[in-house]
Amino acid sequence: MKTEELTLQRKRFDHPDDSHAREGQLLETLELGGIALTKITMQPGWRWSKDAKHREKTDWCEHTHIGYQLSGRQHILMADGSELETEPGDFFLVPPGHDGWVVGDEPSVFLAIGNPSHEMG
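Predicted model, so just to flag it, every value in this text is computed and none were measured.

Caption draft 1: Layout of the sheet that holds strand S8 (residues 98–103). Taken in spatial order, the three strands line up as S6-S5-S8 in an open sheet, and their pairing is antiparallel. Each edge of the sheet is formed by a strand with only one pairing partner; in this case those strands are strand S6 (83–86) and S8. Adjacent strand axes in the sheet meet at a mean angle of 20° when their direction is disregarded.

As structure tokens, this is what we get:
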């Protein structure tokens, strides 16, 4: 995108450009300057291998996720056996080949940078 095409802008999640719910998730997306920022809320009990695997038709989530955890927690299990748990304040990168789920009784809420059509997992 050329610099002269950019204009001063702001947006808020109370009026997202796109919003949809599916299988225990709410995805709310804002787009500015060709970049998508999605606020993803996953309810307690949500797990990629239980709630999204049937859509993706792969054994593991094959998308890369870059995000910032706002509240709640989530656990990530990689195909190689390595694990990570995110908590509020964490900036994280999850490469392809993983499963993920909400930890505890609180929804997991995080901001994801990139493609809004793929849920965290």
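Caption draft 2: Looking closely at the sheet that holds strand S4 (residues 65–71). The strand order across the open sheet formed by six strands is S1-S2-S3-S9-S4-S7, and the pairing between neighbours is antiparallel. Only two strands of the sheet have a single partner each, and these edge strands are strand S1 (18–22) and strand S7 (91–94). Here the average twist between neighbouring strands, direction ignored, is 25°. Pairing between S4 and strand S9 (residues 108–113): five bridges, direction antiparallel. Within the sheet, the bridge partner assigned to Tyr68 lies in S9 and is Leu111.

What counts, and where the lines are drawn
Residue numbers restart at each chain and count upward from 1, following the sequence in its written direction. Local features in a predicted model are, by the rule used here, given only for residues with pLDDT of at least 70; side-chain atom pairs are given and counted only at 80 or more, and totals for whole chains, interfaces and linings are based on all residues. Excluded from the side-chain calculation are hydrogens and water; included are all heavy atoms of the structure. A pair of strands is considered paired only if DSSP assigns at least 2 bridges between the two. A run of H or I in DSSP counts as a helix once it spans at least four residues, and a run of E counts as a strand once it spans at least two, with each numbered from the N terminus. Axis lines are fitted to C-alpha atoms, over the contacting stretch for helices. Their N-to-C directions set the angle, which ranges from 0 to 180 degrees.

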